[in-house]
Amino acid sequence: MKAVYILFKKEFQLDMRKKQLLFGILLFVLSTVFTCYLSLETIEDSKVLAALFWIVGLFAAFNAMQKSFQQEQNGTDKLLYTLASPRQVWIAKAAYYALLILVLNLLSILLFSLFFGSDIWSRTSMGLLLLAVSLGSIGLGTALTFLSALSFKANGSASLTVVLGFPVLMPFLFSLTSVTVNILDGASWQVASYGMMLLAGLFLTTAIMSLFLVPFFWKS
Amino acid sequence: MKHWYKILGSISLLYACTFSLYQALDPALVVADTTQLRSGYNRIELAGHYTHFKDAQTTAGIRVGEYYFQGDVQPSDNGKIAITLDLPDTLPSNAILFKAYNSIDGELILNQACSIGNIVLDTAATDSSWVKNTKLEKYSGFGFPNLPILNETIRNLMWHVPMWFTMFFIMILSFSNSLKLLNLKESSNRLEKMLKFDMRSTLLNEVGVLFCVLGLLTGSLWARYTWGDWWTNDPQLNGALVVFLVYSGYFILRASIDDEDKRARISAVFNIFAFVLMFILLMIMPRFAAGLHPGKSGNPAFSQYDLDSTLRAVFYPAVFGWICLGYWLYSVRIRAKRIKEELKITED
């Protein structure tokens, strides 16, 4: 547990030291939401908002993952072998990137509500929306950390993560878009709970699968 | 007798293909040419499929609620019959069913939307001359069910559904090979064994993806004639396409690794992940969303009530035959691969 905490802190400190990477992603979120605003001005259809929100969220997540394992390329991964077990490394990374993606998505909710007025949000229960976005972000972060570990071990490039990521993230996106549309249309907890359960189930499945599979390829 | 499954599979596949294409459907009414009835004189033309209007003495009419109004019939051929019908000014119900009966086809009922036009609806209306509807015996011969919308496309059941059964069977084999690969103990011939399992699961995945594509194609064709479009927004369809993409990702992942040992291990890990994902996409996700596939909202597959005994008699052999064919394809692939490798060794 201590090792996980130290590795988690290491990720955070590295990002604080190399701020340009983090700011690059923040700028990406800001500029995409602003571009949406420039061409749309207002959004009446909750489906459009959900689609745009998750497109921004998905690509922000991919952008954030670019540096997850690739920053270990210059031999630091060998150092990690000696310091912690593969599971610990994976948990620390997954926790950090799930949190990072969550922060990015919360920021994009903030930006969307800033630019696109309050009409579309009037029926929305914010608590439910935040819960869905949190579950989704954590799920996306877990799955993407596993995939980027896999593609880092495969050939060290980040482009493979994207190729593998799109189909693997589809179940998340299916349920996320439908839950988000429901919540934006003012669904109650009763209606949204099915989607939430599915999201939580997907997250748990990915997490358990990853914990089971990571030791098999981490030390090669 | 290691070829038993090839012989049995071929026989059942031949049986299933022949029967699924040549066996006639049950007789049924397909369409009526009217959407509105009037009081007084009506002329309705009913079209039938596999019916014998001319060969047998046919009676026909409409069923309104619990009453049956029989008309004068005039069969133009075995598939078409015209009814002339005199209707009263008030009727007790607006639930209209078209009905025909003869000794060969049994009772035929068509449920087609039909309004009662200028006829007054009065639930208390009754008349001493009206006849109560009686249930007559249905067609009892051996034929596929002739269902509305599905009609002749019901034959696709023996082609489309076994593709997915076969894909699941093949993918389970591939999954178990990957599990065996990851559980190998340290030994002198570990790498050799590893490559063996790796080759097996890769070739199995190739065959599985082939069946996935065939399933998508036959499904798309079926969707065109029943749901009206080549592709519809149905969780099962989208899930199947994503399964195809995930397994394509498997081959891309393999192609990007040069080291044999590493490739075997990493693609086995991804294969296990892909299998679990396939299970989620095809078996669990459809339960959470509304869709068009039969037995929806709760059960993603056919329920026991959807298959009748005629369909079962052809469907189960078809599933068995396609699974045998899938495994046969894989065994041919693996032999070809081995021969290729031996040739390479002798050339070197």
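Up top is the structure.
Residues numbered from 1 in each chain as written. Chains lettered and ligands numbered in written order. Predicted model: local features only at pLDDT ≥ 70, side-chain atom pairs only at ≥ 80, totals over all residues. Heavy atoms only, no water.

(A) Looking closely at the overall build of chain B. Secondary structure summary: chain B contains 6 helices and 11 strands in total. On the principal axes, the C-alpha backbone points of chain B span a range of 95 × 40 × 30 Å. Within chain B, buried positions represent 47% of all 348 residues. Within chain B, counting contacts between residues at least 6 apart in sequence, those at least 24 apart form 75% of the total. A total of about 17,700 Å² of accessible surface is found on chain B, and carbon and sulfur atoms cover 59% of it. Of the side-chain charges in chain B, 32 are positive and 31 negative, and the distance between the mean point of each set is 11 Å. (Helix = DSSP H or I, 4+ residues; strand = E, 2+ residues; numbered from the N terminus. Buried < 20%, exposed > 50% of the residue type's maximum accessible area, 1.4 Å probe, protein only. Contact = heavy atoms within 4.5 Å. Areas by Shrake-Rupley, 256 points an atom, 1.4 Å probe, with all protein chains shown as cover. Lys, Arg positive; Asp, Glu negative; His and termini not counted. Charge placed at Lys NZ, Arg CZ, Asp CG, Glu CD.)

(B) Main features of a nonpolar patch on the surface. Residues A:Y194, A:M197, B:F279, B:M283, B:I284 and B:F288 make up a contiguous nonpolar surface patch of about 560 Å² in total accessible area. Listing elements by their share of the nonpolar patch, those giving two or more residues are helix 8 (189-218) of chain A together with helix 5 (260-284) of chain B. Top element by residues in the nonpolar patch is helix 5 of chain B. It accounts for 3 residues. Note that A:Y194 resides in helix 8. (Patch = residues over 30% accessible without salt bridge, like charges linked within 9 Å, V, L, I, M, F, W, Y side chains within 5 Å. Salt bridge = Lys/Arg side-chain N within 4 Å of Asp/Glu carboxyl O.)

(C) Region of the structure containing the interface of chain B and chain A. Of the residues lining the interface, 25 residues belong to chain B; the matching set on chain A comes to 25 residues. Taken together, the two surfaces of chain B and chain A that pack against each other cover about 2,400 Å², and 87% of this comes from carbon and sulfur. Where chain B packs against chain A, one counts 0 salt bridges. In this structure, the connection of chain B to chain A is made through 2 residue pairs in polar contact (both at pLDDT 80 or more). Within the residue set of the side of chain B that touches chain A, elements represented by two or more residues are helix 4 (235-255) and helix 5 of chain B. (Buried area = accessible area lost by both parts, 1.4 Å probe. Polar contact = N/O pair within 3.5 Å; in protein donor to acceptor, adjacent residues only side chain to side chain.)

(D) Representation of the sheet that holds strand 8 (residues 96-102) of chain B. Strand order across the open sheet formed by 5 strands is 9-8-3-4-11 (chain B), with antiparallel pairing between neighbours. In this open sheet, the two edge strands, each paired with only one partner strand, are strand 9 (106-110) and strand 11 (131-132) of chain B. (Pairing = 2+ DSSP bridges.)

(E) Quick look at the packing of helix 3 (residues 190-226) of chain B against helix 6 (residues 309-347) of chain B. Residues and elements named next belong to chain B. The N-to-C vectors of helix 3 and helix 6 enclose an angle of 135°; their axes lie 10 Å apart at closest approach. Regarding the angle of helix 3 to helix 6, the classification is oblique. Crossing handedness for the pair helix 3 and helix 6: right-handed. Seen from helix 3, the contacting residues are M199, R200, L203, L204, E206, V207, L210 and F211; seen from helix 6, they are W322, G326, L329, Y330, R333, I334, K337, R338 and E341. Its residues placed into classes, the contact of helix 3 with helix 6 shows 10 nonpolar, 1 polar and 6 charged. (Axes fitted to C-alpha atoms, helices over the stretch in contact; angles between N-to-C directions. Parallel < 35°, antiparallel > 145°, perpendicular 65-115°, else oblique. Left-handed = near helix turned anticlockwise from the far one by under 90°. Nonpolar A, V, L, I, M, F, W, Y, C, P; charged D, E, K, R; others polar.)

(F) Examining the layout of surface pockets more closely. When its volume is computed, the second largest pocket comes out at roughly 770 Å³. The wall of the second largest pocket is formed by 31 residues, among which A:F174, A:S175, A:T177, A:S178 and B:A289 lie closest to the centre. Sort the elements by how many residues they give to the lining of the second largest pocket and helix 7 (residues 159-184) of chain A lands first, with 8 residues. Among the residues making up the lining of the second largest pocket, the classes are represented as 20 nonpolar, 8 polar and 3 charged. (1 Å grid on protein atoms, 1.4 Å probe; cavity = no way out; pocket = protein on both sides within 12 Å on 5 of 7 lines; lining within 4 Å. Points joined across faces, edges and corners; volume = space filled by probe spheres on them.)

(G) Seen up close, the pairing of strand 9 of chain B. All names here are of chain B. Buried residues dominate strand 9, accounting for 4 of its 5 residues. Two strands pair when backbone bridges link them, and strand 8 and strand 9 are joined in this way by 5 bridges, in the antiparallel orientation. What sits directly across from K99, in strand 9, is I109. Connecting strand 8 to the next strand, strand 9, in antiparallel fashion are 3 residues.

(H) Quick look at the packing of helix 5 (residues 86-115) of chain A against helix 8 of chain A. All names here are of chain A. At a minimum axis distance of 8 Å, the contact between helix 5 and helix 8 shows a crossing angle of 130°. On the basis of their axis angle, the class for helix 5 and helix 8 is oblique. Considering how the two elements wind past one another, helix 5 and helix 8 form a crossing that is right-handed. Only A207, S210, L211, F212, V214, P215 and W218 of helix 8 make contact with helix 5, whose side of the interface consists of P86, R87, V89, W90 and I91. For the contact of helix 5 with helix 8, the class distribution of residues is 10 nonpolar, 1 polar and 1 charged.

(I) Representation of the side chain of A:S108 within the structure. Along the chain, A:S108 turns up in helix 5. Beyond its immediate stretch of four places on either side in the chain, A:S108 contacts A:V29, A:F53 and A:V56.

(J) Molecular detail of the packing of aromatic side chains. Residues and elements named next belong to chain B. Using the criterion set out here, one finds 27 aromatic pairs over all chains in the structure. When the centroid spacing of 5.4 Å and the interplanar angle of 75° are considered together, the rings of Y5 and Y327 count as edge-to-face. Here Y5, found in helix 1 (residues 4-22), pairs with Y327, found in helix 6; they are 322 residues apart in sequence, far enough to count as distant. The class for Y327 is partly exposed, based on a relative accessible area of 31%. Here the aromatic rings of F211 and W322 are separated by 6.4 Å at their centres, their planes lie at 80°, and the arrangement is edge-to-face. Pair noted here: F211 is in helix 3 and W322 is in helix 6, with a separation of 111 residues, a long-range link. Of the two residues, F211 and W322, both sit in the buried class. (Phe/Tyr/Trp six-rings, centres within 6.5 Å; stacked < 30°, edge-to-face > 60°.)

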